[in-house]
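Overview (structure and organization)
Residues per chain are reported as follows:
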Amino acid sequence: MARKLPTQWLRAFQKPKADIEHPPAPIENYQHQPYSDHSPVLLEDDLDAEALPEPETEKSSRPVQHRVAKLGHRAASTASSATQVTARRLGKFAKAWRWQLIWLGIFGVFGGTGAIALHWLSSAPPAVDCQQVTAQSLEAEQLFCAQQAAQTGNADQILASINLVKGWTTEHPLYGQSRPLLQDWSNAVLILARDRVAQRDIKGAVNLASQIPQSSPVYKDAQAAIDRWQAEYRRGEAIYAKILEALKKQAWESASQQMAQLALVNDPGWQERLGEVRERSNQEKKAWKFLQDARNFAKANPPAQLGQAIAMTDGIDRNTFIWTLQANQEVLRWRNTIIGLAIAQFDQQNIPAAVALVNSIPTSVQLTTANQDLIRLVRAREIETVDNYRAPGLERIVPLIMATQMVKQIDAQSPFASRAKTLIPRLEQKVQDLTQLNLASSVANLQQIPMLHFAIAQASTISPKRPGRLHAQTLVAQWQKELESMQDRPLLDRAKQVAKSGNLGNLKSAVAMATLVKPKRSLRIEAQTDIANWSNQIQIIEDRPILNNARSIASAGQLGRAIEVAGSIRPGRALYAEAQGLIGEWVYQIQIAEDRSILAQASRLASQGYLTRAIDVASGIGSGRPLFGEARGAIVQWAAERAAIWRQREEESQSVPSDEDPEQSSGFESPIPDPTPPASEPTPP
């Protein structure tokens, strides 16, 4: 597997200026250079500081051979005396075997040299370090590093590899090796360009494919791909422009046809945007429906409800043509109408209507500076007109202060500046009045008579022309009632305590005491109520014996006398209703006794056959009498019996000759009473 290289190798194809000015030393001079700190010669590591007195800088500047000779000399000088004796003995032996040792050394040198050469030939060459490759390096090394870098798949590194070999001609020794690589690298660039087309980056794809050189076998394919991409992209752009134009005109059918054409464009970017275009078309259609509904509502309702029409446009996407070209202008026109109506209502002092109008404008609507000034003015006026006297003082003062600051924000050049200038002093005066009344209320809450006098005096100082005058009068009236209640309460409580016994004399005393509460005092109604209750108790105590006496008389059967006694209780007295009830009962009993005899007489006449006379007698019982119903029932029965007798007589009269006197067959009773009933009239049961 090839080794991936870092990006530093790319800088190797252009030699830095510093390297050009100071070219590296020839390779043959390297043998005269001193060893580095990491030299493989490590003999001096075994030496101590005394054995190496020379400075490090001097050692590094000497040739390798001199350093090796010096190290050998030091090693020989430090040998022990025993070793020197042994060496002298071996010297004698060496003289005897001198020529044999010489030939043996020669053979060893040649053998070692051959072994080293064989090892060098059989071992692999050292790997190229692409981090050290520069523009002055061997072109084979540069090509190797370019091949390694292109395998990373990075566009910049592939292009750098292409740039390395694109100018090589047939005379170049590496031309044959570079041609297939150039084709592979160009194909890789073209693939990356196609990927960018798929990512809707047409410009990036064209820019990338355009860098494939003419010397590449893939050049024509790259140019054809560029032309195809640009042509399809321009075709999609033209169709997209037609779609937008159709959407602007609400030509939905034409837009659908163009979207069908866009679907045929062979461009991944436009294919991907096709869903976006369709969604845009749907948004335009929805926006058109919202706008049409809002317009229809605005036409069918009074201008005061245009705020609801504006709210119906909130569902319109602000990026659609419907909004930017039509709905926005429509909303602004409706807004201006509402603002005009609010101004008219404000000038007519119809503050609730003006508040309702400005509040009907949705928050999504764009407002001009003048519109905002009007809204500030209307809301400040609304706060000023609030008369919630029961609310705590601070809850009323703080909104007024905020309203004052809000009105002061209106610029002097605003069309509402004059109205604001008039309103600001009223708001400030109302804040002052409320502050003064809040202080007076705090004092009055102590519920002490002197404190109430002080609070009333403070509130009374607010002049009639001040905006807090009405509130001050309300508080003064309230505190005046509390003051009167505190003054009259002990007297009324004493009267109630006296009346608790229920004694006639105590009740009269309680009434006299409660009468001392003067009219228009706060406890006057309560005192009058107590007086009425105690007066009823007094009347009951006085009239109860009279009523009991009347009952006793009625029990003895003297109903007329009982009625006369009970009638002495005058109207308006506590027992008057009870007395009248007893009188009505006793009158009822008297009427029953009187009418019963009349009804009995009529019944006797009817039983004797004198039905007409019986009816006349029973008719004497008038309506409202106790036996009136019973009398009417008997009369109906007797009238039916009489009618039956008359029908019978009429049937008998039809058989009588015509010369007979018609009066004799009339069937009516004789006006003169007959002591005996007619023979034809049946005897009643």
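Cut-offs and rules
- Residues numbered from 1 in each chain as written.
- Predicted model: local features only at pLDDT ≥ 70, side-chain atom pairs only at ≥ 80, totals over all residues.
- Heavy atoms only, no water.
- Helix = DSSP H or I, 4+ residues; strand = E, 2+ residues; numbered from the N terminus.
- Buried < 20%, exposed > 50% of the residue type's maximum accessible area, 1.4 Å probe, protein only.
- Contact = heavy atoms within 4.5 Å.
- Areas by Shrake-Rupley, 256 points an atom, 1.4 Å probe, with all protein chains shown as cover.
- Phe/Tyr/Trp six-rings, centres within 6.5 Å; stacked < 30°, edge-to-face > 60°.
- Lys NZ or Arg CZ within 6 Å of the ring centre and 35° of its normal.
- Patch = residues over 30% accessible without salt bridge, like charges linked within 9 Å, V, L, I, M, F, W, Y side chains within 5 Å.
- Salt bridge = Lys/Arg side-chain N within 4 Å of Asp/Glu carboxyl O.
- Axes fitted to C-alpha atoms, helices over the stretch in contact; angles between N-to-C directions.
- Parallel < 35°, antiparallel > 145°, perpendicular 65-115°, else oblique.
- Nonpolar A, V, L, I, M, F, W, Y, C, P; charged D, E, K, R; others polar.
- Core = buried A, V, L, I, M, F, W, Y, C linked by side-chain atoms within 4.5 Å.
- Expected span 1.5 Å × (residues − 1).
- Bend = angle between axes of the 7 residues up to and from the residue.
- pLDDT = per-residue confidence, 0-100.

So, the overall build of the protein chain
- Each helix and strand in the protein chain was counted, giving 26 helices and zero strands.
- A buried classification covers 32% of the 685 residues belonging to the protein chain.
- Considering only contacts in the protein chain between residues 6 or more positions apart, those separated by 24 or more positions represent 63%.
- With an accessible surface of roughly 41900 Å², the protein chain has 56% of that area assigned to carbon and sulfur atoms.

Here's the deal with the packing of aromatic side chains
- Per the stated rule, a full pass over the model turns up two aromatic pairs.
- The structure contains a cluster of three or more aromatic residues connected by ring pairs, namely Tyr 233, Tyr 240 and Trp 270.
- The ring of Tyr 240 carries the charged tip of Arg 273 above its face, separated from the ring centre by 4.8 Å.
- Here Arg 318 stacks its cationic end above the ring of Trp 323, 3.7 Å away from the centre of that ring.

Section: a nonpolar patch on the surface
- A contiguous nonpolar surface patch, about 270 Å² in accessible area, is contributed by Ile 102, Trp 103 and Ile 106.
- Mapped onto the fold, Ile 106 is located in helix H5 (residues 98-122).

Some remarks on the packing of helix H10 (residues 219-248) against helix H12 (residues 268-300)
- Where H10 meets H12, the axes come as close as 11 Å, and the angle between the chain directions of the two elements is 5 degrees. With respect to each other, H10 and H12 are oriented roughly parallel. Listed contacts from H12 to Glu 232, Tyr 233, Gly 236, Glu 237, Tyr 240, Ile 243, Leu 244 and Leu 247 of H10 are Trp 270, Arg 273, Val 277, Arg 280, Ser 281 and Glu 284.
- Classifying every residue of the contact of H10 with H12 by side-chain character gives seven nonpolar, two polar and five charged.

Concerning the environment of Gln 429
- Among the secondary structure elements, Gln 429 is positioned in helix H18 (residues 417-444).
- When the C-alpha positions of Gln 429 and Gly 468 are compared, they lie 7.9 Å apart, and in sequence the two are 39 residues distant.
- When sequence neighbours within four positions are dropped, the list of residues in contact with Gln 429 reads Arg 466 and Pro 467.

Some thoughts on unusual backbone geometry
- Of note, the phi angle at Gln 250 is positive, near 60 degrees, even though the residue is not glycine.
- Position of Gln 250 among the secondary structure elements: in the loop between H10 and helix H11 (252-262).
- Of note in this structure, Gln 349 is not a glycine but carries a positive phi near 65 degrees.
- Its place among the elements puts Gln 349 in the loop between helix H14 (321-347) and helix H15 (351-359).
- The exposed category is assigned to Gln 349, whose relative accessible area is 51%.

As for the nonpolar core
- Ranked by internal contacts, the top residues of the largest apolar core, which has 42 residues, are Trp 334, Leu 377, Val 378, Val 407 and Leu 427.
- Secondary structure elements with two or more residues in this core: H12, helix H13 (306-312), H14, H15, helix H16 (369-385), helix H17 (393-408) and H18.
- No other element matches H14, which puts nine residues into this core.
- Residue contacts for Trp 334: discarding those within four places in its chain leaves Ala 294, Arg 295, Ala 298, Leu 306, Ala 309, Ile 310 and Thr 313.
- Counting residues in each nonpolar core, the second largest holds 28 residues, with Leu 159, Leu 174, Leu 181 and Val 218 among its members.

Looking at helix H20 (residues 469-499)
- Look at H20: 43 Å from first C-alpha to last across 31 residues, which is about the 45 Å you get at 1.5 Å a residue.
- A bend of about 40 degrees at Asp 488 is the largest found in H20, and the proline Pro 490 appears one to four places after it.
- All of the buried residues along H20 are His 471, Ala 472, Leu 475, Val 476, Trp 479, Leu 483, Glu 484, Asp 488, Leu 492, Ala 495, Val 498 and Ala 499.

So, the pattern of salt bridges
- Enumeration according to the criterion identifies 26 salt bridges in this entry.
- Among the ionic pairs, Asp 493 bridges to Arg 489, the shortest N-O distance being 3.7 Å. Of the two residues, Asp 493 and Arg 489 are both situated in helix H20; the distance of four residues between them amounts to about one turn of the helix.
- Judged by its relative accessible area of 37%, Asp 493 is partly exposed.

As for the confidence of the model for the protein chain
- Confidence in the prediction of the protein chain, expressed as mean pLDDT, is 76, and 75% of residues score 70 or more.
- The low-confidence segment residues 1-87 (pLDDT under 50) makes 62 contacts with residues lying over four places distant or belonging to another chain.
- For the stretch residues 658-685, pLDDT sits under 50, and the model shows 27 contacts to residues farther than four places along the chain or on other chains.

Re H10
- An ideal rise of 1.5 Å per residue puts 44 Å on 30 residues; H10 measures up with 43 Å between its terminal C-alpha atoms.
- By the burial criterion, the buried members of H10 are Ala 222, Ala 225, Ile 226, Trp 229, Glu 232, Gly 236, Ile 239, Tyr 240, Ile 243, Leu 244, Ala 246 and Leu 247.
- For H10, the elements touching its buried residues are helix H8 (175-198), helix H9 (202-209), H11, H12 and H14.
- Of the residues one or two after H10, Gln 250 is the one with positive phi, at around 60 degrees.

Here's the deal with the side chain of Arg 573
- Tracing the sequence through the fold places Arg 573 in the loop between helix H23 (559-566) and helix H24 (576-607).
- Take Arg 573: its relative accessible area is 18%, and that puts it in the buried class.
- Setting aside its immediate chain neighbours within four residues, Arg 573 contacts Gln 539, Glu 542 and Asp 543.

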